[in-house]
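Chain by chain, the residues:
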Amino acid sequence: SQQGEEDPQALSIQEGENATMNCSYKTSINNLQWYRQNSGRGLVHLILIRSNEREKHSGRLRVTLDTSKKSSSLLITASRAADTASYFCATGTDSSYKLIFGSGTRLLVRP
Amino acid sequence: DAGITQSPRHKVTETGTPVTLRCHQTENHRYMYWYRQDPGHGLRLIHYSYGVKDTDKGEVSDGYSVSRSKTEDFLLTLESATSSQTSVYFCAISESTQGWAEAFFGQGTRLTVV
């Protein structure tokens with residue numbers, strides 16, 4: 001089974017609203033990463049947060065990590081139609097260099 | 001964009017035939033990954049490599065083998081293709097000198113097994 005599971009599976013919001021996606025994982029991690037995928041394209045890295053970090057920002061993105069709950073959230077503020085995509089979390093551990101992905105959240109931002 | 005190329009981009013093959021997908025990088029990154037993406041499953045790791053001739057299994061390795069004889073190329077072989085291996089396959093590369101780093105993805109190979 002996959003390490004990361006995103007919630008919700010699909011999210012539809014109005015342009016200008018904030019979008020929040022959650023990721024839960026099962027084992028201890030070294031880091032957690034978020035990626036974006038536009039339809040039919042490869043994945044693009046958004047942000048990496050290490051296990052000793054609690055929050056990280058990049059432009060309109062804010063990621064939090066709670067290792068006690070084995071969960072992370074990705075917040076996209078002031079969403080735009082161009083943010084429409086699928087978003088995936090991925091985890092890396094100290095014991096190997098496997099990068100394991102969750103099943104993703106499909107975000108639709110309506111103009 | 002990271003220099004990573006997958007070939008072919010599209011392929012249709014018959015059940016029972018062997019198929020090889022190629023991932024080529026120009027970044028000299030140490031780590032290379034093969035994933036498959038299917039609806040409802042996200043990306044699942046097939047195999048990965050942490051150096052030349054160093055590979056390991058991922059989550060869904062049955063029916064697949066890999067080889068990495070030089071840094072820039074990571075080959076994925078479906079030994080005897082089955083319809084369940086119809087999927088989109090992604091290659092990714094990563095380099096970490098101080099722990100983990102971001103991965104860069106190729107554009108994908110759409111494989112159809114008929």
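Check the entry above for the structure.
Presented here is a report on the structure given in the accompanying data block. Everything numeric in this text was worked out from a predicted model, so none of it was measured. (Residues numbered from 1 in each chain as written. Chains lettered and ligands numbered in written order. Predicted model: local features only at pLDDT ≥ 70, side-chain atom pairs only at ≥ 80, totals over all residues. Heavy atoms only, no water.)

**Some details on the packing of aromatic side chains**
Argument step 1. Tallied over the entire structure, the rule returns ten aromatic pairs over all chains.
Argument step 2. Ring geometry for Tyr 48 of chain B against Tyr 50 of chain B: centres 6.2 Å apart, planes inclined by 50 degrees, an arrangement best described as tilted.
Argument step 3. Aromatic rings pair up to connect Tyr 35 and Phe 101 of chain A together with Tyr 33, Tyr 35, Tyr 48, Tyr 50 and Phe 105 of chain B into one cluster. (Phe/Tyr/Trp six-rings, centres within 6.5 Å; stacked < 30°, edge-to-face > 60°.)

**Quick look at the state of the cysteines**
Residue and element names in this part refer to chain A.
Argument step 1. Per the stated rule, a full pass over the model turns up two disulfides over all chains.
Argument step 2. Here Cys 23 connects covalently by a disulfide to Cys 89, the sulfurs 2.0 Å from one another. Because the sign of the S-S torsion sets the handedness, a value of about 65 degrees for the bond joining Cys 23 and Cys 89 places this disulfide among the right-handed ones. One end of the pair, Cys 23, is in strand β3 (residues 19-24); the other, Cys 89, is in strand β9 (residues 85-92), with 66 residues separating them in the sequence. (Disulfide = S-S within 2.5 Å. Helix = DSSP H or I, 4+ residues; strand = E, 2+ residues; numbered from the N terminus.)

**Some remarks on the pairing of strand β6 (residues 55-58) of chain A**
All names here are of chain A.
Argument step 1. Taken together, the four bridges between β6 and strand β7 (residues 61-66) define a ladder with antiparallel strand orientation. By the bridge assignment, His 57 is partnered in β7 with Arg 62.
Argument step 2. Connecting β6 to the antiparallel partner β7 that follows it, the hairpin turn spans two residues, and Gly 59 within it adopts a positive phi of roughly 60 degrees. (Pairing = 2+ DSSP bridges.)

**Details of the interface of chain A and chain B**
Argument step 1. Taken together, the contacts link 25 residues of chain A with 23 residues of chain B.
Argument step 2. Of all residues in chain A, Leu 43, Tyr 97 and Lys 98 of chain A bury the most surface against chain B, accounting for 32% of the area lost on that side.
Argument step 3. At the boundary of chain A with chain B, the tally comes to zero salt bridges.
Argument step 4. Across the chain A-chain B interface, the total number found is six residue pairs in polar contact (both at pLDDT 80 or more).
Argument step 5. Contributing elements (two or more residues each) for the side of chain A that touches chain B: β4 (31-37), β5 (43-50), β9 and β10 (99-101) of chain A.
Argument step 6. Residue composition of the side of chain A that touches chain B, by class: eight nonpolar, 14 polar and three charged. (Contact = heavy atoms within 4.5 Å. Buried area = accessible area lost by both parts, 1.4 Å probe. Salt bridge = Lys/Arg side-chain N within 4 Å of Asp/Glu carboxyl O. Polar contact = N/O pair within 3.5 Å; in protein donor to acceptor, adjacent residues only side chain to side chain. Nonpolar A, V, L, I, M, F, W, Y, C, P; charged D, E, K, R; others polar.)

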